[in-house]
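# Fold and geometry: a report
So the chains spell out like this:
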Amino acid sequence: MMDIKDDFLELGGHKFSSRFILGSGKFSLTLLEAAIKDAKAQIVTLALRRVNEGGSENILDFIPKDITILPNTSGARNADEAVRIAKLARELGCGDFVKVECIKDSRYLLPDNYETIKATEKLANLGFIVMPYMYPDLNVARDLVNAGAACVMPLGAPIGTNKGLATREFIKILIDEIELPVIVDAGIGNPAQACEAMQMGCAAVMANTAIATSGDVRAMAKAFALSIEAGRLAYLAGLGEISEAARASSPLSGFLE
Amino acid sequence: MLIINGKDESGFIGKSVHEFACQKGFNKEYMAVEINGEILPRDKFDSKFNDGDRVEIVCFVGGG
């Protein structure tokens, strides 16, 4: 029987048994550690901002030491700003991972694919493990591969909308055509959508708002963990074929008279 | 003038990053410092601010 015990997500030479990347925004810090545990997440995203006076608490105190920190470049409007933020994040000593976000549009927060490619190339050349947040465009995904990305992170729907896989067909094209892990990011609003992404063949799912704004953060984190694992197992098992006409499950002979 | 995180902090001209962090209650373990566009290595936090410096001091916060 198919077993996912030895099934790993590989990113930049690192192996992860969890395929759930948890965003840390909008959480109360006291709930974050429990949510990470319930999510069985091994990668957690963080953002970089100016320090606040009197803010002696730091989010790193609420994240277990064995978690891989994935800084994002939120706030960057172009490649140069993304590179600047990534360098500052690396200076904080949490490793070489970076999630590139280059966003000019403030209403839908859609990524600027052109600047994202430029930032990915620069950061990969600086030795970063680059995970670019992108609009799911096959040509761009190919450019990101050539630029040295460790994966591609297409959006399912605009950030924080909980609308799910609005870009489903285009993510499927990336899964079919791109060798790197395809990690669906943004818009995933419930565990069923996360499961569907995994069944399609996404390598991992990233979610934040859906968990942080749910009625029971810990229960929702766990629900996502279960659904992502279920979706992965289903993908590995191979889904049954879809048929237009009915196909009897029971034998069509030997009926009682 | 000395601008730190967008504010006039000219009172700290000639003082170090370390002194600034202590006075403001920042934890140096959790901050990265950029002076005039260049990252200041962690082992240089005793460097003094100069008149005209533009400084950004950042830390990790929650984000997706």
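Below: a short report on this structure. (Residues numbered from 1 in each chain as written. Chains lettered and ligands numbered in written order. Predicted model: local features only at pLDDT ≥ 70, side-chain atom pairs only at ≥ 80, totals over all residues. Heavy atoms only, no water.)

## Some thoughts on the overall build of chain A
The cut-off we apply is this: Counting from the N terminus, the helices are the DSSP runs of H or I reaching at least four residues and the strands are the DSSP runs of E reaching at least two. Only C-alpha atoms enter the radius of gyration; for comparison, a globular chain is expected to reach 2.2 Å times N to the power 0.38, where N is the number of residues. Note on exposure labels: buried denotes an accessible area under 20% of the residue type's maximum, exposed denotes more than 50%, and partly exposed covers the range between, all computed with a 1.4 Å probe on protein chains only. By the convention used here, residues are in contact when the closest approach between their heavy atoms is within 4.5 Å. Note on areas: Shrake-Rupley with a 1.4 Å probe; residue coverage comes only from the protein chains shown. When charges are counted, Lys and Arg contribute as positive and Asp and Glu as negative, whereas His and the chain ends are disregarded. Taken as the charge location is NZ of Lys, CZ of Arg, CG of Asp or CD of Glu.
The helix and strand tally for chain A stands at 8 helices and 10 strands. Computed over its C-alpha atoms, the radius of gyration of chain A comes to 20 Å, within 12% of the 18 Å expected for a compact globule of 257 residues. Counting only residues that meet the buried cut, chain A has 51% of its 257 residues in that class. Intrachain contacts of chain A at a sequence separation of at least 6 include 65% that bridge at least 24 residues. Total accessible area on chain A is roughly 12700 Å²; 50% of this is exposed by carbon and sulfur atoms. Taken together, the 26 basic and 32 acidic charged side chains of chain A have centroids lying 4 Å from each other.

## What about the overall build of chain B?
Across its full length, chain B carries 1 helix and 5 strands. Along chain B, helices and strands appear, N-terminal first, in the series β-β-α-β-β-β. Against the 2.2 N^0.38 benchmark of 11 Å for 64 residues, chain B shows a C-alpha radius of gyration of 11 Å, consistent with a compact globule. The principal-axis extent of the C-alpha atoms belonging to chain B is close to 35 × 20 × 20 Å. The burial tally for chain B puts 45% of its 64 residues in the buried class. Here the analysis covers contacts within chain B between residues at least 6 apart in sequence; of these, 49% occur between residues at least 24 apart. For chain B, the exposed area adds up to about 3200 Å²; of that, 47% sits on carbon and sulfur atoms. Distance from the positive charge centre (8 side chains) to the negative charge centre (11 side chains) of chain B: 4 Å.

## Section: unusual backbone geometry
Residues and elements named next belong to chain A. You will see that lysine 40, though not glycine, has its phi angle at about 55°, which is positive. Take lysine 40: its relative accessible area is 54%, and that puts it in the exposed class. With a phi close to 55°, leucine 109 is a non-glycine residue in the positive phi region. In this fold, leucine 109 is placed in the loop between strand 6 (97-100) and helix 3 (113-125). By relative accessible area, which is 32% here, leucine 109 ends up partly exposed.

## Observations concerning the interface of chain B and chain A
Convention followed: When two components associate, each loses some accessible surface as probed by a 1.4 Å sphere; the sum of these losses over both components is called the buried area. By definition here, a salt bridge exists when the distance from a side-chain nitrogen of Lys or Arg to a carboxyl oxygen of Asp or Glu is within 4 Å. Under the rule applied, a polar contact is a pair of N or O atoms within 3.5 Å (in protein, one hydrogen donor and one hydrogen acceptor; residues adjacent in sequence only if both atoms are side-chain atoms).
In this assembly, 25 residues from chain B lie in contact with 32 residues from chain A. Here chain B packs against chain A, burying approximately 2500 Å² in sum over the two surfaces, 61% of which is carbon and sulfur. Interface area lost by chain B to chain A is led by Tyr30, Phe60 and Gly64 of chain B, which between them contribute 33%. Linking chain B with chain A are 2 salt bridges, by the criterion used here. Two residues, glutamate 34 of chain B and arginine 84 of chain A, come together in a salt bridge whose shortest N-O distance is 2.5 Å. Taken together, chain B and chain A are joined by 12 residue pairs in polar contact (both at pLDDT 80 or more). Mapped by element, the contributors of at least two residues to the side of chain B that touches chain A are strand 3 (32-35), strand 4 (38-40) and strand 5 (54-62) of chain B. Ranked by residue count, the leading element in the side of chain B that touches chain A is strand 5 of chain B, at 7 residues.

## Observations concerning a nonpolar patch on the surface
Residue and element names in this part refer to chain A. Formally: Patches draw on residues past 30% relative accessible area with no salt bridge. Two like charges within 9 Å are joined, as are two nonpolar side chains (Val, Leu, Ile, Met, Phe, Trp, Tyr) within 5 Å.
A surface patch of nonpolar side chains, amounting to about 370 Å² of accessible area, comprises Met1, Met2 and Leu233. One can find methionine 2 in the segment before strand 1 (9-11). Taking the relative accessible area as the measure of exposure, methionine 2 reaches 38% and is therefore partly exposed.

## Remarks on helix 8 (residues 217-237) of chain A
All names here are of chain A. Going by this rule: Helix span is expected to be 1.5 Å times the residue number reduced by one.
The end-to-end C-alpha distance of helix 8, which contains 21 residues, comes to 30 Å, matching closely the 30 Å that a straight helix rising 1.5 Å per residue would cover. Residues of helix 8 that are buried include every one of Val217, Ala221, Phe224, Ala225, Ser227, Ile228, Gly231, Arg232 and Ala234, and no others. Considering only its buried residues, helix 8 is in contact with strand 3 (20-23), helix 1 (29-39), helix 6 (191-200), strand 10 (204-207) and helix 7 (209-212). Structurally, the start of helix 8 carries an N-cap: the backbone nitrogen of arginine 218 is 3.3 Å from a side-chain oxygen of aspartate 216. Immediately downstream of helix 8, the backbone of glycine 238 shows phi near 90°, a positive value.

## Side note on helix 4 (residues 138-147) of chain A
Residue and element names in this part refer to chain A. Just so we agree on the cut-off: Throughout, the arc means the angular range of directions from the helix axis out to the C-beta atoms.
Within helix 4, the full set of buried residues consists of Val140, Ala141, Leu144 and Ala147. Looking straight down helix 4, one finds its buried side chains confined to an arc of 120°; they lie on one side. Counted as exposed and oriented over 90 degrees from the buried face of helix 4: Asn139 and Asn146. Measuring from the backbone nitrogen of asparagine 139 back to the side-chain oxygen at the start of helix 4 gives 2.8 Å, which picks out aspartate 137 as the cap. One or two steps after helix 4, the chain reaches glycine 148, where phi turns positive at roughly 100°.

## Some thoughts on the state of the cysteines
Residue and element names in this part refer to chain A. Put simply, the rule reads: The rule for a disulfide is simple: a pair of cysteine sulfur atoms within 2.5 Å.
Evaluation of the coordinates by the stated rule reveals 0 disulfides over all chains. Residue cysteine 195 stays outside any disulfide, its sulfur separated by 11 Å from that of cysteine 202, the closest cysteine. Here cysteine 202 is not disulfide-linked; the sulfur of cysteine 151 is the nearest cysteine sulfur, at 11 Å. Assessed through its relative accessible area of 0%, cysteine 202 is described here as buried.

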